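Chain residues, written in single-letter form:
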Amino acid sequence: MQTSTMRKPIILTPGEGNQFSVIGAQFTTKATGEETNGTWAVYEITDTQENGPPLHTHPWEEAFYILEGEIDIQIATETILASPGCFVNIPHNAPHAFKVRSATTKFLILIAPKGAKKFYEEMGEIADSPTVNMEKAQPVFNKYGLHFFD
């Protein structure tokens, strides 16, 4: 008979969780892959108008759930305006981008962290301001299989 150890539940109140910044966006970790048996991680992100990554791919699933504000989310050649209550799942390796349209926005990103592990935390260590030092960022992009389109 196989026994398993029950993991502790994750209970966080508003504002709780590891906080860090990536390219001007404020991240709060709500659950990590280590806490969810390697199945998923979730971050609450607060961001400002016109911020967001260009068209890119990565080998992990990523889903957006919009809490406040509006975001243009591009998947391949289709762009949708996502507003509060909107859910968008992006399959692994699908080309996608997003840009904040409202003055500010708050949203959740859920990732299936098998390929992502600590990507966002590592980016927070090297890209905690609105500009990116590509010499520092490129090794992290390479490590996690993130590719940008021109």
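Whatever comes next refers back to the structure up there.
In this text the structure is predicted, and so the values were computed from the model without any measurement.

Definitions and cut-offs
- Residues numbered from 1 in each chain as written.
- Predicted model: local features only at pLDDT ≥ 70, side-chain atom pairs only at ≥ 80, totals over all residues.
- Heavy atoms only, no water.
- Helix = DSSP H or I, 4+ residues; strand = E, 2+ residues; numbered from the N terminus.
- Rg over C-alpha atoms; globule rule 2.2 N^0.38 Å.
- Buried < 20%, exposed > 50% of the residue type's maximum accessible area, 1.4 Å probe, protein only.
- Contact = heavy atoms within 4.5 Å.
- Lys, Arg positive; Asp, Glu negative; His and termini not counted.
- Charge placed at Lys NZ, Arg CZ, Asp CG, Glu CD.
- 1 Å grid on protein atoms, 1.4 Å probe; cavity = no way out; pocket = protein on both sides within 12 Å on 5 of 7 lines; lining within 4 Å.
- Points joined across faces, edges and corners; volume = space filled by probe spheres on them.
- Nonpolar A, V, L, I, M, F, W, Y, C, P; charged D, E, K, R; others polar.
- Patch = residues over 30% accessible without salt bridge, like charges linked within 9 Å, V, L, I, M, F, W, Y side chains within 5 Å.
- Areas by Shrake-Rupley, 256 points an atom, 1.4 Å probe, with all protein chains shown as cover.
- Salt bridge = Lys/Arg side-chain N within 4 Å of Asp/Glu carboxyl O.
- Pairing = 2+ DSSP bridges.
- Axes fitted to C-alpha atoms, helices over the stretch in contact; angles between N-to-C directions.

1. Brief notes about the overall build of the protein
Part 1 of the argument: When you go through the protein residue by residue, the secondary structure sums to two helices and 11 strands.
Part 2 of the argument: What you see in the protein, going N to C, is helices and strands ordered as β-β-β-β-β-β-β-β-β-β-α-α-β.
Part 3 of the argument: For 150 residues, the compact-globule estimate of 2.2 N^0.38 gives 15 Å, and the protein sits close to it at 16 Å.
Part 4 of the argument: Considered along the principal axes of its C-alpha atoms, the protein spans approximately 55 × 35 × 30 Å.
Part 5 of the argument: Taken over 150 residues, the protein has a buried fraction of 37%.
Part 6 of the argument: Taking all contacts inside the protein whose residues are at least 6 apart in sequence as the whole, residues at least 24 apart take part in 64%.
Part 7 of the argument: Placing the 11 positive and 18 negative side-chain charges of the protein at their respective mean positions leaves the two points 7 Å apart.

2. Structural notes on the layout of surface pockets
Part 1 of the argument: In this model, the largest pocket occupies a volume close to 500 Å³.
Part 2 of the argument: The wall of the largest pocket is formed by 25 residues, among which Val 22, Ile 23, Gly 52, Pro 53 and Phe 148 lie closest to the centre.
Part 3 of the argument: Listed by contribution, the elements that provide at least two residues to the lining of the largest pocket are β2 (25–31), β3 (41–48), β9 (96–100), α1 (119–126) and α2 (134–144).
Part 4 of the argument: Its residues placed into classes, the lining of the largest pocket shows 18 nonpolar, five polar and two charged.

3. Regarding a nonpolar patch on the surface
Part 1 of the argument: Judged by side-chain polarity, Tyr 65, Leu 67 and Phe 87 come together as a nonpolar surface patch covering roughly 280 Å² of accessible area.
Part 2 of the argument: Tracing the chain through its elements places Tyr 65 in strand β5 (residues 62–68).
Part 3 of the argument: In this structure Tyr 65 comes out as partly exposed when scored by relative accessible area, which is 34%.

4. Observations regarding the environment of Ile 45
Part 1 of the argument: Looking at the element boundaries, Ile 45 is found in strand β3.
Part 2 of the argument: Expressed as a C-alpha distance, the spacing of Ile 45 and Gln 26, which sit 19 residues apart in the sequence, is 5.5 Å.
Part 3 of the argument: Setting aside chain neighbours within four positions, we find Ile 45 in contact with Ala 25, Gln 26, Phe 27, Thr 105, Lys 106, Phe 107 and Ile 109.

5. Here we look at the sheet that holds strand β10 (residues 104–111)
Part 1 of the argument: Pairing within the open sheet is antiparallel, and its six strands lie in the order β1-β2-β3-β10-β5-β8. Looking along the sheet, the strands with just one partner apiece sit at the ends: β1 (19–22) and β8 (87–90). For this sheet, the mean angle separating the axes of adjacent strands, direction not counted, is 25 degrees.
Part 2 of the argument: Of the strand pairs in this sheet, β1 and β2 are connected by four bridges, and their pairing is antiparallel.

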